[in-house]
Amino acid sequence: MSVQERLQGYSGEVRRILEEAGVEVGDEVEVAAGDRVYRGILMARYELAEPGYIVLKLPNGYNVGVRVSEGVSVRRIAPARKPSFTPPPRPPSKPGLPRVYVISTGGTIASRIDYRTGGVRAALTAEDLLSIIPELAELADLGAEILFSIFSEDMTADHWSRMAAKADELIRSGVDGIVIAHGTDTMGYSAAALSFALQKPPVPVVFVGAQRSSDRPSSDAATNLIAAVRVAGHAPFAEVCASMHAWHSDDVIAIHRGTRVRKLHTSSRDAFKSVNADPIAYVAGGEIRVNAENLNPRGSEEYRFEPGFSDEAALVKFYPGMPPELLELLAERGCRGIILEGTGLGHVSNRLRPVIKELVDRGIFIGMTSQCIYGRVNMRVYDTGRYLLKAGVVPLDDMLPETAYVKLSWCLSRARDLEEVKRLMLTPISGELGGRSTPSLQGR
Ligand code: GLU
């Protein structure tokens, strides 16, 4: 083990003192500072935490930070006790249960805090899941695998491709449903990506996340996951969707279409909503209530795997005062398509019009969505919109800006020219276009 691992998060003078004392994270140590002596377990620190402190977990369970100044001394009392966790034996599989496979990509739902050291580790083997949430054994014959262990802000087009390839492999191996555990921040993007890559799949592909980690009493991880496994294994429909709390209470989980789902709250358990569409189903009291018509049926024989995402797409939010050079810069860096998040019905400042026209003339796709989020763009109401249309901007109806960005990345990887990108962008693929308008936001 390297010193970075043995003394995770400690640097500079503090690390030197700890190294000299021959201690490592997890050891029981005594720290004497002035007339005070503390005894406890040496905790790991976050990389960005205030340096200059030694953090101990005291026998009463509280953590204390001891500021390192002159005269501090550290003594090792006992070596780290390696944590051992033997999950209870896996309950015997019940005959006849659907085979559901859980792919873990990271985020809160897939992490478990090691309270002994303060570190966070990925925890998502099938054994982990069944020992934490035994209810799952009643619902499905479960398999699980860690595909990545990253926070979702680190996802890229390449990760979408790898997730899609894994899901396709599982579909071809004959599983009855797939669950993808994912960080919540960009779950909507990945759900949209798989909605385009896995068209009319024969089994449900259900994204699931958690706003509060599984070690907190208010965690939504277990309820979201139980509903996700239920939908993956038992729903009559086979859609790429997301399973998250419908409201603050635990009793209803909403199932959102992958191209319509958006995180709308930073911390609340009911952060996820379907935009310009209703959730496709709810899970309550152990029942799946279907809430939409014409869903792709389980067992669909029209499945098409359409992988591939380009990293030459961009998503740009317009703001008052935005300099036109920003768009030029994107083109200079090789961008072949830009989704604009315009104001209101789909506008940007007139100052941007010449550069937009020039980029379109160079074969770069420019699509318009609205930063209002709810409703659809309509660029024929005001002159600004009409001029932008004339410059070649393509209005994208009620598509979510994030979904439009993901779809553009997907289109750019397969279309031969600008005309084909336009045609594909305006062809409904997975419920991303032409939803219902939301008359008002009352009650949301
Ligand atoms: N930023 C993290 C992510 O999206 C937050 C943790 C979470 O929401 O799961 O992965």
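Here, every reference points to the structure presented above.
Since the model is a prediction, treat every value here as computed from it, not as a measurement.

Asks: How should I be thinking about the overall build of the protein chain in this particular structure?
Replies: In terms of helices and strands, the protein chain carries 12 helices and 23 strands. With respect to the three principal axes, the spread of C-alpha positions in the protein chain is 75 × 60 × 40 Å. Among the 444 residues that make up the protein chain, the fraction classed as buried is 51%. In the protein chain, 68% of the contacts between residues at least 6 apart in sequence involve partners at least 24 apart. Carbon and sulfur atoms make up 50% of the accessible area of the protein chain, which totals about 20,800 Å². Here the protein chain contributes 52 positive and 54 negative side-chain charges, whose respective centroids are spaced 2 Å apart.

Asks: Help me understand the nonpolar core in this model?
Replies: Across soluble globular proteins, you tend to see nonpolar side chains buried next to one another. Membership of the largest hydrophobic core comes to 75 residues, with the highest contact counts inside it found for Leu194, Leu327 and Ile356. The contacts of Ile356, once residues within four sequence positions are left out, are Leu327, Leu340, Val348, Leu388, Ala391 and Val393. Ranked by size, the runner-up nonpolar core spans 34 residues in total, among them Ile133, Leu136, Leu225 and Phe237.

Asks: Looking at this structure, how should I read empty space enclosed by the protein?
Replies: Gaps left between atoms are located by rolling a probe of water-molecule size over the structure's atoms. Evaluation of the coordinates by the stated rule reveals two cavities of 30 Å³ or more. As a volume, the second largest cavity reaches approximately 40 Å³. In this structure, the second largest cavity is lined by Ser370, Ile373, Tyr374, Gly375, Arg376, Val377, Asp397, Asp398, Met399, Leu400 and Pro401. Residues of the lining of the second largest cavity, tallied by class, amount to six nonpolar, two polar and three charged.

Asks: Just checking my understanding: could you explain the site of the ligand for this structure?
Replies: In the vicinity of the ligand, the contacting residues are Gly107, Thr108, Phe151, Ser152, Glu153, Gly183, Thr184, Asp185 and Ala210. Thr184 places a side-chain nitrogen or oxygen 2.4 Å from an oxygen atom of the ligand. Contact between the ligand and Asp185: a nitrogen atom at 2.7 Å from a side-chain N or O atom of the residue. Across the complex, the protein chains shield 87% of the 280 Å² of accessible surface that the ligand would expose by itself. By residue class, the composition of the shell around the ligand is two nonpolar, five polar and two charged.

Asks: Would you explain the environment of His248 in this entry?
Replies: Residue placement: His248 occurs in the loop between strand 13 (240-245) and strand 14 (252-257). Expressed as a C-alpha distance, the spacing of His248 and Asp220, which sit 28 residues apart in the sequence, is 9.4 Å. Once residues within four sequence positions are removed from consideration, His248 is found in contact with Arg269 and Asp270.

Asks: Honestly, the layout of surface pockets in this entry has me stumped. Any pointers?
Replies: Space inside the second largest pocket adds up to approximately 310 Å³. Around the second largest pocket sit 16 residues that line it, and Lys200, Glu239, Asn296, Ile429 and Ser430 are the ones nearest its centre. Residue classes in the lining of the second largest pocket are distributed as five nonpolar, six polar and five charged.

Reading guide: rules and limits
- Residues numbered from 1 in each chain as written.
- Predicted model: local features only at pLDDT ≥ 70, side-chain atom pairs only at ≥ 80, totals over all residues.
- Heavy atoms only, no water.
- Helix = DSSP H or I, 4+ residues; strand = E, 2+ residues; numbered from the N terminus.
- Buried < 20%, exposed > 50% of the residue type's maximum accessible area, 1.4 Å probe, protein only.
- Contact = heavy atoms within 4.5 Å.
- Areas by Shrake-Rupley, 256 points an atom, 1.4 Å probe, with all protein chains shown as cover.
- Lys, Arg positive; Asp, Glu negative; His and termini not counted.
- Charge placed at Lys NZ, Arg CZ, Asp CG, Glu CD.
- Core = buried A, V, L, I, M, F, W, Y, C linked by side-chain atoms within 4.5 Å.
- 1 Å grid on protein atoms, 1.4 Å probe; cavity = no way out; pocket = protein on both sides within 12 Å on 5 of 7 lines; lining within 4 Å.
- Points joined across faces, edges and corners; volume = space filled by probe spheres on them.
- Nonpolar A, V, L, I, M, F, W, Y, C, P; charged D, E, K, R; others polar.
- Near = heavy atom within 4 Å.
- Polar contact = N/O pair within 3.5 Å; in protein donor to acceptor, adjacent residues only side chain to side chain.

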